[in-house]
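These are the residues of each chain, in order.
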Amino acid sequence: MTVSLTLSRHEKGGGQQVSQPACASIEGKGMMKNMKQVTAALVGAGLRGAHVYSNYALEHPEEFRVVAVAEPDEKRRLMFAKKHGIPKHLQFQRDEELFQQEKLADCAMICTQDRMHFKPVIKAMEKGYHVLCEKPMSPEREEIIKMGEMAQKYDRILSVCHVLRYSPFFVKLKSLLSEKRIGRLISIQHMEEVGFWHYAHSFVRGNWRRAEESSPMILQKCCHDMDILLWLAESSCVKISSFGALSYFKEENAPEHAPAYCLDGCVHREECPFYAPRFYLEHPKAEEDGFVYGVTQEASPKNIMEALRKGPYGRCVFHCDNTVVDHQAVNLEFDNQVTASFVMTAFTSQCARRIRLMGTKGEIKGDMGAGIIEILDFVSGAAEVIRLHTPEKGHNGSDTSMMRDFVRMIGEGMPGKTEAAVSVASHLMALAAEEARLDGMVIDFSKYVRRI
């Protein structure tokens, strides 16, 4: 089944190409009637698993249904089971209990923490499940490679949540490159603006603050971007270098008399952009992006304030135990001589991705969040602006598109946009970049892979 993400038309006079969301073709709608409903077991009912990927079942019940859940937190488990109508005998505290049963569903969604993916992914494939695995696959190189090998051995779909490949923005960029709109691609400049508020929530106070307990920043947050660079370059990576550090969010930069917790009478609350109550009670992104549910499952002002008094999300950002970098730059060279530079930074007002693609006949500038792509032609000097429909939530609509693709890979046997082997390569690129940063050296990527 083929579903176009965008339909384009040229408006008279303005010279701009405006893209609208597209619907499935008539043929596609007919095929959907014959598609079997895909069933899933969820392992890990946290923010991504319970509130993002599983929501596809509520929005498209004719296509997808979650029939079992494994989650150690009883409150989360019961709330999720009630939401999806899962009976008691299909609610499990541990994923081991779920996989001891006869196969319960067509696929398993593994949405646990970074270092908890490997065993359930392998067990699920052995048991006969296709797998959707939250990124990153694992912070351990050997485990990443093993997952890819096991997917091939058992002939299972192993789809990693590299959602950017499914965004209208990057799909359009890929199409423009394939059409040779800027000739031969030579250079890529790509930036991920994490956003000061997102960084503070997830990587200073939150679950991904310590590389030792989760994974390095370049893997956890930016394996998306390594994957996109690999996809756009259409070539194997050959060399990687990287620089970066944790420069700001540490004890030595704490203002004088800053307490351990924001609510312990901090005298800097009026001028501090990281004052926790202001963010979780007033910042619109706290609820829109679900960050408030990381603080408390019952997101009333009273419960939020209570959770911030002594909980991890109420800590001063300068008095946490975080270790991941707050800025990093990566340089990459590909086998086809395309070079790429990537920057990740916490110090931006927006959570955004911006990119420049430079070719022999023109260049492309793009802003994913705004849904704007500008093509500049070297010969004519003309500039064309493409405006895409980009939903604000879910990585600009990518989460929903990825789930649709995954469900149809299983239900209809349609090919996906990425294979496990490609995800393995982009994960290893991220780990090589971290090794290059720590050792201050240029990594020969082919030797790096052979060494593993």
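Up top is the structure these notes are about.
Residues numbered from 1 in each chain as written. Predicted model: local features only at pLDDT ≥ 70, side-chain atom pairs only at ≥ 80, totals over all residues. Heavy atoms only, no water.

A.B. asks: Please clarify how the overall build of the protein should be interpreted in this entry.
C.D. replies: Per the secondary structure count, the protein includes 18 helices and 17 strands. Here the C-alpha atoms of the protein give a radius of gyration of 22 Å, agreeing with the 22 Å that 2.2 N^0.38 yields for 452 residues. For the protein, the spread of C-alpha atoms along the three principal axes comes to 60 × 60 × 55 Å. The buried share of the protein, reckoned over its 452 residues, is 53%. Of all intrachain contacts in the protein linking residues separated by at least 6 positions in sequence, the fraction that spans at least 24 positions is 71%. In the structure as shown, the protein presents an accessible area of about 20300 Å², 51% of it carried by carbon and sulfur atoms. A gap of 3 Å separates the mean positions of the 57 positive and 59 negative side-chain charges of the protein. (Helix = DSSP H or I, 4+ residues; strand = E, 2+ residues; numbered from the N terminus. Rg over C-alpha atoms; globule rule 2.2 N^0.38 Å. Buried < 20%, exposed > 50% of the residue type's maximum accessible area, 1.4 Å probe, protein only. Contact = heavy atoms within 4.5 Å. Areas by Shrake-Rupley, 256 points an atom, 1.4 Å probe, with all protein chains shown as cover. Lys, Arg positive; Asp, Glu negative; His and termini not counted. Charge placed at Lys NZ, Arg CZ, Asp CG, Glu CD.)

A.B. asks: Explain helix H6 (residues 118–127) here, please?
C.D. replies: Two residues of an α-helix separated by three or four positions point the same way, owing to the 3.6 residues in each turn. What H6 keeps buried is the set Pro120, Val121, Ile122, Ala124 and Met125. Buried positions along H6 lie against helix H5 (95–100), strand E6 (107–110), strand E7 (130–133), helix H7 (141–154) and strand E8 (158–160).

A.B. asks: How should the sheet that holds E6 be read in this particular structure?
C.D. replies: In a beta sheet, neighbouring strands are held together by backbone hydrogen bonds and run either parallel or antiparallel to one another. Spatially, E5-E4-E3-E6-E7-E8 is the arrangement adopted by the six strands of the open sheet, whose pairing is parallel. Of all the strands in the sheet, just strand E5 (91–92) and E8 have a single pairing partner and so form its edges. Here E7 pairs with E8 via three bridges, running parallel. Considered in E8, the bridge of cysteine 133 is made with valine 160. Each of E6, E7 and E8 is contacted by H6, which is oriented at about 160° to E7, the strand it contacts most. (Pairing = 2+ DSSP bridges. Axes fitted to C-alpha atoms, helices over the stretch in contact; angles between N-to-C directions.)

A.B. asks: Teacher, can you tell me more about the side chain of lysine 135 here?
C.D. replies: Along the chain, lysine 135 turns up in the loop between E7 and H7. Glutamate 134 provides the closest opposite charge to the buried, salt-bridge-free lysine 135, at an N-O distance of 5.8 Å. Setting aside its immediate chain neighbours within four residues, lysine 135 contacts Asp114, His117, Val160, Cys161, His162, Gln220, Lys221, Cys223 and His224. (Salt bridge = Lys/Arg side-chain N within 4 Å of Asp/Glu carboxyl O.)

A.B. asks: I would appreciate a short explanation of the pattern of salt bridges in the present structure.
C.D. replies: Opposite charge on two side chains makes pairing possible when the charged atoms of those side chains draw close. Inspection of the entire model under this criterion finds 26 salt bridges. Note that arginine 210 is salt-bridged to glutamate 212, the shortest N-O span being 3.9 Å. Of the charged contacts in the structure, one is a salt bridge between arginine 356 and glutamate 363, with a shortest N-O distance of 2.6 Å. With a relative accessible area of 14%, glutamate 363 lands in the buried category. The structure contains a network of salt bridges with shared partners spanning Glu192, Lys221, Asp225 and Arg353.

A.B. asks: How should the packing of aromatic side chains be read in this particular structure?
C.D. replies: Any pair of aromatic rings gets described here by the distance separating the centres and the angle formed by the planes. Counting across every chain of the model gives 17 aromatic pairs. Ring plane angle 85° and centroid distance 4.9 Å describe the contact between phenylalanine 169 and phenylalanine 170, whose orientation is recorded as edge-to-face. Across the pair, phenylalanine 170 and phenylalanine 169 agree in class, each one buried. Ring centres of phenylalanine 249 and phenylalanine 318 lie 6.5 Å apart, and the angle between their planes is 15°; on these two criteria the pair is classed as stacked. Taken together, the residues span a long stretch of sequence, with phenylalanine 249 in the loop between strand E10 (237–245) and helix H12 (276–282) and phenylalanine 318 in the loop between helix H15 (301–310) and strand E11 (327–334) at a distance of 69 residues. There is no split in this pair, since phenylalanine 249 and phenylalanine 318 are both buried. (Phe/Tyr/Trp six-rings, centres within 6.5 Å; stacked < 30°, edge-to-face > 60°.)

A.B. asks: Can you help me understand the environment of aspartate 95 in this one?
C.D. replies: For aspartate 95, the location among the structural elements is in helix H5. The spacing of aspartate 95 and lysine 123 is 28 residues in sequence and 9.4 Å in space, taken between C-alpha atoms. In this structure aspartate 95 touches Val43, Ala70 and Pro120, once residues within four positions along its chain are discounted.

A.B. asks: Even after reading the chapter, I still don't get helix H17 (residues 420–439), so can you show me in this structure?
C.D. replies: The end-to-end C-alpha distance of H17 is 28 Å, a good match for the 28 Å that 20 residues give at a rise of 1.5 Å each. Looking one or two residues beyond H17, the residue adopting positive phi is glycine 440, at roughly 65°. (Expected span 1.5 Å × (residues − 1).)

A.B. asks: I tried to follow the packing of H6 against H7 on my own but got confused; where do I start?
C.D. replies: In a pair of packed helices, the angle between the axes and the distance between the axes together describe the arrangement. At a closest axis distance of 10 Å, the pairing of H6 and H7 adopts a crossing angle of 10°. Put simply, H6 runs roughly parallel to H7. Only Glu143, Lys146, Met147, Met150, Ala151 and Tyr154 of H7 make contact with H6, whose side of the interface consists of Phe118, Val121, Ile122, Met125 and Glu126. Grouping the constituent residues of the contact of H6 with H7 by class yields eight nonpolar, no polar and three charged. (Parallel < 35°, antiparallel > 145°, perpendicular 65-115°, else oblique. Nonpolar A, V, L, I, M, F, W, Y, C, P; charged D, E, K, R; others polar.)

A.B. asks: Before we go on, may I ask you to explain unusual backbone geometry in this structure?
C.D. replies: If a residue is not glycine, its phi is most likely negative; likewise, a peptide bond is most likely trans. Put simply, lysine 135 and proline 136 share a cis peptide bond, and its omega is -10°. For proline 136, the location among the structural elements is in the loop between E7 and H7. For lysine 180, which is not a glycine, the phi torsion comes out positive at approximately 60°. Positionally, lysine 180 belongs in the loop between helix H8 (168–178) and strand E9 (185–193). For lysine 180, a relative accessible area of 55% corresponds to the exposed category. With a phi close to 55°, glutamate 234 is a non-glycine residue in the positive phi region. Secondary-structure assignment places glutamate 234 in the loop between helix H11 (223–233) and E10.

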